[in-house]
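Commentary on secondary and tertiary structure
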Amino acid sequence: MPKGRKIVIASLFKGEPKVTDFKIETEELPTLQDGQILCEAEYISVDPYQRAYSQRHKVGATMIGSQVARIVESRSPDYPIGRHVVGYWGWSDRTVVDPAPKGEEVLPPMLVPDLGDLPLSLSLGVLGMPGATAYFGLLDICDPKPGETVVVSGAAGAVGSIVGQIARIKGCKVIGIAGSDLKVKWLKEELGFDYAFNYKTVNVDKALKEAAPQGVDCYFDNVGGEQSGQVIANMRHRGRISVCGCISTYNATKVPMAPVLQMHMVGKELKMEGFMVGRWWGRWDEAFTEMAQWIREGKLKYKETVTDGFQNTPQAFIGMLRGENLGKAVVKV
Ligand SMILES: NC(=O)c1ccc[n+]([C@@H]2O[C@H](COP(=O)([O-])OP(=O)(O)OC[C@H]3O[C@@H](n4cnc5c(N)ncnc54)[C@H](OP(=O)(O)O)[C@@H]3O)[C@@H](O)[C@H]2O)c1
């Protein structure tokens, strides 16, 4: 059997992860048993949850995460050689996988459908977990109506950039909040957001009062913290808030102070709901079919920030947490 490389946690993260918190190891791969497959990673995904799920970090263990890989050997009729799969077996370049592990809380490898002329890496982005997050988190929880105002934070990232465009497709006015002028320009000029602003240089409350003088109907919250408090203070009566993530706190070493939201929630009768995208696992295909159609019709655009080289996965991960990515951050193995 060939050898495989894996990136393991060398020390637990304190605050922002560092390159030295990781190390690369090479290992002999075991011989395939009945039912198992050998997968070669083509793209590795770097995602915020990999920082947030600190309870799953163990020194010496492979860093958690997903990848899209080609099946190069197979002893499973359900997973033929040559097909691609998305799997959650972490940062490794060659992996022997048991598609039906017992007693583990991981998703089974998902066979990638024929994407036609679309790149394979989209199965980690708009046609993968982040895309499903944007689609169901917005449509099922916020239920935006034509003419309503939708605000999305983390707007230039993998989830946020898709949320804003879906809201546009549904006939809403869309306001994006992101962390650089370049991101703001992309959202307005290429993705068709009605308004966008840089939360690092602009007062969020003031900007929202100008962009949405009647208030915000739907808020898709990727970042949490103070920024979200300011958006929630600008909601309209019976507004809906979809709580997707809280990236402003993932590197925090102490629980940050948060603004008091209850007066807004009560006075404006707001609805706020958190979610995990796995809730809609059985329906992900619905989202991918519709979004692939929108991409082909030119209604939905995607961008990827691609880092070259398996060994550079830690840098790509740290860069994504710092906001260096436009759209989905992936590593080309
Ligand atoms: N609930 C679910 O099932 C689910 C599924 C997928 C993702 N999520 C969540 O969705 C959010 C976005 O994920 P993603 O995959 O699309 O990542 P992403 O937005 O592509 O990348 C993370 C972005 O977070 C922003 N950021 C970093 N620190 C920040 C801070 N202190 N305040 C505000 N923004 C900050 C950066 O953009 P800026 O330059 O704009 O700061 C960075 O580009 C995350 O919170 C993630 O945990 C949830």
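Please refer to the structure higher up on the page.
Read on for an overview of the structure.

In this section: the site of the ligand. The immediate surroundings of the ligand are formed by 26 residues, with Lys183, Tyr199, Tyr250, Val277 and Asn325 found nearest. Lys183 has a polar side-chain atom sitting 2.6 Å from an oxygen atom of the ligand. Listed by contribution, the elements that provide at least two residues to the shell around the ligand are α2 (129-142), α3 (158-169) and α9 (313-322). Of the residues belonging to the shell around the ligand, the class tally is 16 nonpolar, nine polar and one charged. If you count residues domain by domain, the shell around the ligand takes at least three from each of domain 1 (3-125 + 303-332) and domain 2 (131-278).

One open sheet holds the six strands; their spatial order is β10-β9-β8-β11-β12-β13, and the pairing between them is parallel. Whereas interior strands pair on both sides, the edge strands pair on one side only; in this sheet they are β10 (195-198) and β13 (271-274). Going across the sheet, the axis of each strand differs from the next one's by a mean of 15°, ignoring polarity. Sheet strands in contact with helix α6 (residues 225-232) are β8 (149-153), β9 (173-178), β11 (216-221), β12 (235-243) and β13, and its direction is about 165° off that of β11.

What counts and how
- Residues numbered from 1 in each chain as written.
- Predicted model: local features only at pLDDT ≥ 70, side-chain atom pairs only at ≥ 80, totals over all residues.
- Heavy atoms only, no water.
- Near = heavy atom within 4 Å.
- Polar contact = N/O pair within 3.5 Å; in protein donor to acceptor, adjacent residues only side chain to side chain.
- Helix = DSSP H or I, 4+ residues; strand = E, 2+ residues; numbered from the N terminus.
- Nonpolar A, V, L, I, M, F, W, Y, C, P; charged D, E, K, R; others polar.
- Domains from an automatic or database assignment.
- Pairing = 2+ DSSP bridges.
- Axes fitted to C-alpha atoms, helices over the stretch in contact; angles between N-to-C directions.
- Contact = heavy atoms within 4.5 Å.

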